[in-house]
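This is what each chain is made of:
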Amino acid sequence: MMDVQNQYCVSRPIYSIRAFEHVHERQIRETKSLKERFSGSCRCSTKRVWNIVKMYFPVLGWLPIYQIKQWLPGDIVAGITTGMVCALQGLAYSLLVNVAPVYGLYAAFFPILTYFILGTSRHLSVGPFPVTCLMVGAVVLTLAPDSNFMQPGNTTGVNGTTVMVLNAAARDTQRLAIAMSMTVLIGVFQVAMGVVQLGFLVRYLSDPLVGGFTTAAALQVVVSQLKIIFNVPVGNYNGILSLFYTIGDVFKNIKQTNLVDLVAAVLTIIVVMVVKEINAKFQKTLPVPIPIEVFVTIIDAGVSYALNLSGHYGAGVVNTIPRGFIPPQPPDVSLFSSIAGSSFSTGVVSYAIAISVAKVYAAKHELTVDGNQELLAFGISNIFCGAFSGFVATTALSRTAIQESTGGKTQVAGLISALMVFIVIMALGPLLQPLQKSVLGGIVVANLKGMFMQVLDIPILWRKNKTDCFIWVFTCISCIVLGLDIGLLTGLVFELATVVIRTQFPSCASLGNAPSTDIYKNMKDYKAVRKIRRAVHVGFDAVRVFKKRNKALKKIHRLIKKGKLKFTENGLVPVEPLGVDNEAFEREQDPELVKEFEQDMKGGTSPNTEVEVQVDWTSVLPVNVNVPKVNIHSLVMDFSAVSFLDVMAAKSLKLVHFLMETLTKDSICHQ
């Protein structure tokens, strides 16, 4: 009869054959039901076809139920406001891609048209984003640096050498070809990922990883704009330590700074940041946010034109915004092999930014967003945009916030914003030619405040989870030192390594009971919890114990055959004193013993069947073998956190089960 002190109470149902049969029968019924539904879903019907069409063209789902009186006024106000900001940001972000500003307007116009039809988010403002623009611009500078377009001029130097001049037209044409080809390839990758349902890949881009990456990208953006803000010559750098080389060139040529451009940029940064703070503080009071970028652009263009800042003071101006659309050129397919890696990483980052913002506003308005459909929508939008000489499009949190806060309810607001950009392209473009580039650079820098504020997440992450804090810092430093593409890959590898390490070396804690409750907490964190009287301590090597017992039984068997041991009422008694005190405990594991043990398991042999002798392993043994004392009643295995079992796990469980049957005669409970 079992001792009362060794009785256990299991609060959850124990696994049993009957329960297994019940679950198996239920699975069979569910499988039959699934087959019936699948066979029914394969039947062609008008309703079925219409549902498939709406799945791939979400606009057909919400446009027929569009509430004109309730939604249209808000969409009009949001579209006009967002459209003006989107046009100006398109001009500014073109500087990051190193193409003419007019192509920034194309990037702010064409993607909205396709996303209106294919997108599942009703609040996203689709268009260029500084991080992805910088990633494209880095590839553009790598493949088309200024040094590749130097040609002999018509003048000679002091020593009679021919002076080399820059062929700016050929350089700009090649850079545009690279940017648009990369945009098309990004779209192809995104469509392919959407077709094979790879939207889950963004799960590996955790918030700390994205936070460190975007903060480093913001710093890279600021450094890339220094040459425009100061209007000084800077070399084309990309890759490892490129940020520091650029800063070095800026300081080396600091004496050539154009003060007109510098003052205009500093004033733009201050004014834009101050007004944005006012917009945020009085968000509930103001009917619409103040479009300060629009006002700054109009004022600077007027002042620059009136004072002729370009001619009198050498200020750098846009100067190339024609009226109407420039005929597009086809993408250069020969470039695909050299930009494939960068295009894939840019496409993943672009999608990760868009889907994260979309989910925020979908949750706020109790809507749903289809991740795989979003991949298709942005992929087709980028292909369409690249075909018309635009560059990569995603979304920007600032523009989306403006569109949502000003009353935008659907993508009709996005369509109206595209109409505003269209008006700028067709009519207002030439009026912006006197606009200073340094003002556009100042607008870019001022819109990065939110990214830099992510630095405040570091102390919060340190208090909550130090591993996430290390991921944030490591990714940020890697992207600053190695560049955005290699830095992002390095940060991702580091993140996955932390997951593997934490899985292989989990933390264990001793739990104590809170008095008068059934709550158990870590005794190191809570002083009021009470230590449980009986605790389970696994401090022995079960394989070694088994082999030691096996060895002892074999010796006992030989001694019985030789007549050196005999049976008495008190058990086995040696004819001569042979015993030793059984107090050995060895932690190390002998590989040979493990190998021999596995061979015994495969052969089905057991020492207990070989020698039918009952041995008290807690007493003094009659042979000279040290067997560790082990007192085990039950083994409880909690598999609630286990998602799957592979072959090695099954083999290990079989090993544990065999050992426990051998080491104890008590019951083994599985949970």
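This one's a predicted model, so the numbers in the text were calculated from it and none came from an experiment.

K.L.:
When you look at empty space enclosed by the protein in this model, what are you seeing that I'm missing?
P.N.:
Which parts of space are left empty comes out when a probe the size of a water molecule is rolled across the atoms. For the coordinates displayed, the defined rule picks out one cavity of 30 Å³ or more. Approximately 40 Å³ is the volume attributed to the largest cavity. Across the lining of the largest cavity, the residue classes tally to five nonpolar, four polar and one charged.

K.L.:
Quick question: what am I supposed to make of the side chain of Thr183 here?
P.N.:
Within the secondary structure, Thr183 is located in helix H8 (residues 168-195). Classification of Thr183 by relative accessible area gives buried; the value is 0%. Within polar-contact distance, the side chain of Thr183 engages the backbone nitrogen of Val392 at 3.2 Å.

K.L.:
I tried to follow the pattern of salt bridges on my own but got confused; where do I start?
P.N.:
Pairing between side chains of opposite charge can happen when the charged atoms of each approach one another. Summed over the entire model, instances satisfying the criterion amount to seven salt bridges. A salt bridge links Arg175 to Asp146, with the shortest nitrogen-to-oxygen separation between them at 3.0 Å. Residue Arg175 is located in helix H8, and its partner Asp146 is located in the loop between helix H7 (130-143) and strand E2 (150-156); the two are separated by 29 residues in the primary sequence. Since its relative accessible area comes to 23%, Asp146 is described here as partly exposed. Sharing partners across several salt bridges, the network here consists of Asp146, Arg171, Asp172 and Arg175.

K.L.:
Sorry, what's going on with the packing of aromatic side chains here?
P.N.:
Per the stated rule, a full pass over the model turns up 19 aromatic pairs. A centroid spacing of 6.1 Å and a plane angle of 75 degrees characterise the contact between Tyr106 and Phe110, whose relative ring orientation is edge-to-face. Residue classification places Tyr106 among the buried positions, given a relative accessible area of 1%. A residue is classified by how much of its surface remains accessible, and Phe110, at 7% relative accessible area, is buried. Here the aromatic rings of Phe474 and Phe494 are separated by 4.2 Å at their centres, their planes lie at 20 degrees, and the arrangement is stacked.

K.L.:
For this particular structure, what's the right way to read a nonpolar patch on the surface?
P.N.:
A surface patch of nonpolar side chains, about 830 Å² in accessible area, is lined by Val266, Ile270, Val274, Ile278, Phe282, Ile290, Phe295, Ile299, Val303 and Leu307. Elements with a contribution of two residues or more to the nonpolar patch: helix H11 (259-281) and helix H12 (292-307). Along the chain, the position of Phe295 falls in helix H12. By relative accessible area, Phe295 is classed as partly exposed at 42%.

K.L.:
Would you take a moment to explain unusual backbone geometry for this structure?
P.N.:
The general pattern is negative phi for most residues beyond glycine and trans for most peptide bonds. Even without glycine at this site, Asn98 takes up a positive phi of about 65 degrees. With respect to the helices, strands and loops of the structure, Asn98 is situated in the loop between helix H4 (68-97) and helix H5 (102-107). For Asn308, which is not a glycine, the phi torsion comes out positive at approximately 55 degrees. Its location among the elements puts Asn308 in the loop between H12 and helix H13 (309-313).

K.L.:
Teacher, can you tell me more about the confidence of the model for the chain here?
P.N.:
Regions with low pLDDT should not have their predicted coordinates read in detail. Here the chain averages 81 in pLDDT, while 81% of its residues score no lower than 70. The lowest-confidence element of the chain is helix H25 (residues 607-610), averaging 44 in pLDDT; the highest-confidence one is helix H6 (residues 110-118), averaging 94. Throughout residues 604-611 the model reports pLDDT below 50, and contacts reaching past four residues in sequence, or to other chains, amount to 10 contacts. Ignoring residues within four places in sequence, the model shows residues 666-671, a span with pLDDT below 50, making 21 contacts including any to other chains.

Reading the values: the criteria
- Residues numbered from 1 in each chain as written.
- Predicted model: local features only at pLDDT ≥ 70, side-chain atom pairs only at ≥ 80, totals over all residues.
- Heavy atoms only, no water.
- 1 Å grid on protein atoms, 1.4 Å probe; cavity = no way out; pocket = protein on both sides within 12 Å on 5 of 7 lines; lining within 4 Å.
- Points joined across faces, edges and corners; volume = space filled by probe spheres on them.
- Nonpolar A, V, L, I, M, F, W, Y, C, P; charged D, E, K, R; others polar.
- Helix = DSSP H or I, 4+ residues; strand = E, 2+ residues; numbered from the N terminus.
- Buried < 20%, exposed > 50% of the residue type's maximum accessible area, 1.4 Å probe, protein only.
- Polar contact = N/O pair within 3.5 Å; in protein donor to acceptor, adjacent residues only side chain to side chain.
- Salt bridge = Lys/Arg side-chain N within 4 Å of Asp/Glu carboxyl O.
- Phe/Tyr/Trp six-rings, centres within 6.5 Å; stacked < 30°, edge-to-face > 60°.
- Patch = residues over 30% accessible without salt bridge, like charges linked within 9 Å, V, L, I, M, F, W, Y side chains within 5 Å.
- Areas by Shrake-Rupley, 256 points an atom, 1.4 Å probe, with all protein chains shown as cover.
- pLDDT = per-residue confidence, 0-100.
- Contact = heavy atoms within 4.5 Å.

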